[in-house]
Each structure stands twice: as C-alpha cells, then as structure tokens.
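Notes for the structure review
In case you want the letters, here they are:
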Amino acid sequence: MLDESLLDTPDALAGADRFGLLRGVAESGARVRTAARSAAESGIPELTPDGRPRAVLVAGPGPAAAGVADLLRALSGGSCPVTLIPATGVAPLPGALRWTLPGWAGPLDLLLLPGPDAADPGLAELVEQAYRRGCAVVAVTPAGGPLADAVVQARGLAVPLATTPYDAEFDVEGAPPAAPGTLWSVLIPLLALADRIGLLSAPPEDLGKLADRLDQLAERCGPAIPTYTNPGKTLAADLADSFPLIWTEGTIAGAVGRHFATELAGLAGRPALTAELPEALATHRTLLAGALAAGADPDDFFRDRVEQPAAMHARVVLLREQEPGPLSAARAAQALAEERDTAVSELQPDDGSDLEKAAELLAIVDFGAVYLALAGTE
C-alpha cells in the first residue's frame, strides 16, 4: 500500500527518509560536477590514446558496474563492444567475490573498474590478470585504497571517487545497497575517458549541461512540488499496488529501464519485469491476461480496506527516448494495454543530447523509486 497523503507532506517525507534518499538523488548534479573535476585533475583530458580499444570490459561489485556497462553500451552507439564481467563467489561481500577476464582479452582491450569499495581483493586480483594480459586499466575508486594502489602498480589510471558526507549514511545495517546518485560518481569519469578515446561524445561543456539539467530535474521532482506537477511523485503514485512491467524502446531507454528495476528492488523492495519493444508484446502478453490482469480479481465491495488491501495488478511503464516514428512499436504497446484494460505510465525526455535524455529518464525513475520507498507502508 502507498500512503499518497504523505507524498504531499514534505515534513512527513523528511521524517520517513531516515537514510537521506531524497537528498542523495537530489545531489546528482553536484556529483556530476565533482566527478568531472576529479577526472580532469587525474589527467584524463591530457591523455593521448593510440586509438580506440577493440573492446571495453567492465567489472565491479553492486549495481553500479552493471549500470555503467549498460549506459556506455547505449551511449557509444555500437562503436565498440562493451562487456560486463559477471562476479562469482559465495556471497556479495568484499573478499568473497572474484572476476575473471574472458579468454580473448589482451593488449587491445580496456578494463574499466567502477569500484566504490577500495579494498576488494577480488578486484585487485583482476587488475593483476589484466596486467599479465597487457590490458589497459582505469579504475574509479577511493583515493589511497588498495585497489587504487594495485591499478597504479599495473601502470593504469586510478581516478579518485567523488564522494559526499551523505555516503556514510549507507554504511550502516539496514541501508539500501547503494545511495541514489552513486552511479553518476563512477560514470562521469568514465564518460570523460570514453570521450577522449573516441567511443562517444562527452566533452566538459556537455558534462556541465548534464549537471545543470539534473539540478533542474531535482527542482521539478523535489518534495515541496505537489504530486500533480511532480513526475517523480506521479510515477510513485501510479505504481501503488501495481506490478510494474517496464517496456522500453531504444538502447538508452533499455538501460534506464533495467536501472529502474534495480532501484525498485533495492530501494523500495518492489519487484518489476523489464522487456524491450517489440519483444515485450509477446513475452508479457500472457501477464496481461493472467492473475495480474486488471480484471482478474474484481474489487470486492465488502472487502475490508484496512485488513485486506486491493489485489496487485500489472501496470505498464513505457520508457521512450523520442516521439514514436513510423517503425515504432509504442502504438502497438498502447493498443495491447488498452485491449487488456491495463493502465500505462509513459516517460519521454525533452529534446537534448543522448546523454541529457538518459539523465532525465534516470532522474525521474530514481525519484519515483525513492518516493515509492518512502510512502510505501506495510
């Protein structure tokens, strides 16, 4: 259940926000500026690469590594293969995780390590593997830690991780896996690097515009803005008592959709399924006719509204990068949802660069997940 009255009560939201989730996502613009400054001070703008790598490999603990790999793959437009190295181990804990380079990795490849945990021995072992294979290594990690030292010894580049005092609030029992906005701290230096080696376009002026846009979105989605004009609160209210089916169109929207599902699970404790159009119309069609369908369990007039909450029904969240074109499956998605009497929430960014569009979608879904976490009740 969602306490919708809490969404429009800033003081109540602040009281429920014991881990500072709203502040974390609102600081995304500041994180971008700090991370861009850290990248510049580390010498990334002065790099003189020999050329574009054959492939980019990404490894690291937690959801940040997957998010970085997804977004680099989407924003690079296929100019270079980007592969996430999956972790193995008995538990998702420092010291228990290990990563192994694929057999083909060698001197033509680049290894990126978004490593918020500076002391993970598994990543240090991966750096040693990369050194033996001749792979170039770049890590974004806390300065002076074991991982940074290992990268420097392997003749790689270690960029200090941009942090805020707020990050310490997540190093306590019961806190979510990562602070909202952490993704920007590790992504921005790697975007600056990708710009330098020709994978994508992200010059310093574009990163400045990105930070400004995130600041504007933080104002639009802030706790003082009422639900009916606040896209983050509106998304949270839409998903009350719903099982989200996140349908995406486009590579950037696909990356954002998978990030949204991760945030819903990690912050709000809510399950969600993601699929890309047009395949979603086939893979999720049965869900719109089964137990989650809108008419599967009609509301009982005699149901106790307190002791017996309403049944959960599917709701489509349609993420798009732009207006649907002649070959878009968005119209077919809307038609299927209407046919199955399923509600649809649509998100489409304003005009801008691919990076700005990704930032707008990411900010709205992050705010939506946070508001859902804060206003959700048992």
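- Looking at an unreviewed UniProt entry, one finds the chain named Bifunctional glucose-6-phosphate/mannose-6-phosphate isomerase, with Streptomyces angustmyceticus as its source organism.
- Taken verbatim from the UniProt record of the chain, the Sequence similarities (unreviewed entry) comment is "Belongs to the PGI/PMI family."

1. Side note on the packing of helix 10 (residues 231-238) against helix 14 (residues 354-375)
- Orientation of helix 10 relative to helix 14, taken along the N-to-C sense of each, is 55°, at an axis distance of 7 Å. In terms of axis orientation, helix 10 runs oblique to helix 14. The hand of the helix 10/helix 14 crossing is right-handed. Contact residues: helix 10 offers Pro231, Gly232, Lys233, Leu235 and Ala236, while helix 14 offers Ile364, Val365, Phe367, Gly368, Tyr371 and Leu372.
- Grouping the constituent residues of the contact of helix 10 with helix 14 by class yields eight nonpolar, two polar and one charged.

2. Describing the side chain of glutamine 129
- Within the secondary structure, glutamine 129 sits in helix 6 (residues 121-133).
- Here tryptophan 99 takes part through its backbone oxygen, which lies 2.9 Å from a polar atom of the side chain of glutamine 129.
- Excluding residues that lie within four positions of it along the chain, glutamine 129 makes contacts with Trp99, Thr100 and Leu101.

3. Describing the sheet that holds strand 2 (residues 82-84)
- Taken together, the five strands give an open sheet; going across it, the order is 2-1-5-6-7, and neighbouring strands pair in parallel fashion. At either margin of the open sheet sits one strand with a lone partner, and together these are strand 2 and strand 7 (157-160). The sheet shows a mean angle of 20° between the axes of neighbouring strands, taken without regard to direction.
- Pairing geometry for strand 5 (residues 109-114) and strand 6 (residues 136-141), over five bridges, is parallel. Along strand 6, the bridge assignment pairs leucine 112 with valine 138.

4. Regarding the side chain of glutamate 356
- For glutamate 356, the location among the structural elements is in helix 14.
- The class of glutamate 356 is buried, set by a relative accessible area of 16%.
- A distance of 3.0 Å separates a polar atom in the side chain of glutamate 356 from the backbone nitrogen of serine 353.

5. Examining the packing of aromatic side chains
- In total, this model carries one aromatic pair according to the counting rule given.
- Both rings, one in phenylalanine 367 and one in tyrosine 371, keep their centres 6.2 Å apart while their planes meet at 25°; by these two values the pair is stacked. Separated by four residues within a single helix, phenylalanine 367 and tyrosine 371 lie in helix 14, roughly one turn from each other. Neither phenylalanine 367 nor tyrosine 371 differs from the other in exposure class; each is buried.

Quick notes on the rules
- Residues numbered from 1 in each chain as written.
- Predicted model: local features only at pLDDT ≥ 70, side-chain atom pairs only at ≥ 80, totals over all residues.
- Heavy atoms only, no water.
- UniProt positions renumbered as here; feature names shortened; annotations may be inferred.
- Axes fitted to C-alpha atoms, helices over the stretch in contact; angles between N-to-C directions.
- Helix = DSSP H or I, 4+ residues; strand = E, 2+ residues; numbered from the N terminus.
- Parallel < 35°, antiparallel > 145°, perpendicular 65-115°, else oblique.
- Left-handed = near helix turned anticlockwise from the far one by under 90°.
- Contact = heavy atoms within 4.5 Å.
- Nonpolar A, V, L, I, M, F, W, Y, C, P; charged D, E, K, R; others polar.
- Polar contact = N/O pair within 3.5 Å; in protein donor to acceptor, adjacent residues only side chain to side chain.
- Pairing = 2+ DSSP bridges.
- Buried < 20%, exposed > 50% of the residue type's maximum accessible area, 1.4 Å probe, protein only.
- Phe/Tyr/Trp six-rings, centres within 6.5 Å; stacked < 30°, edge-to-face > 60°.

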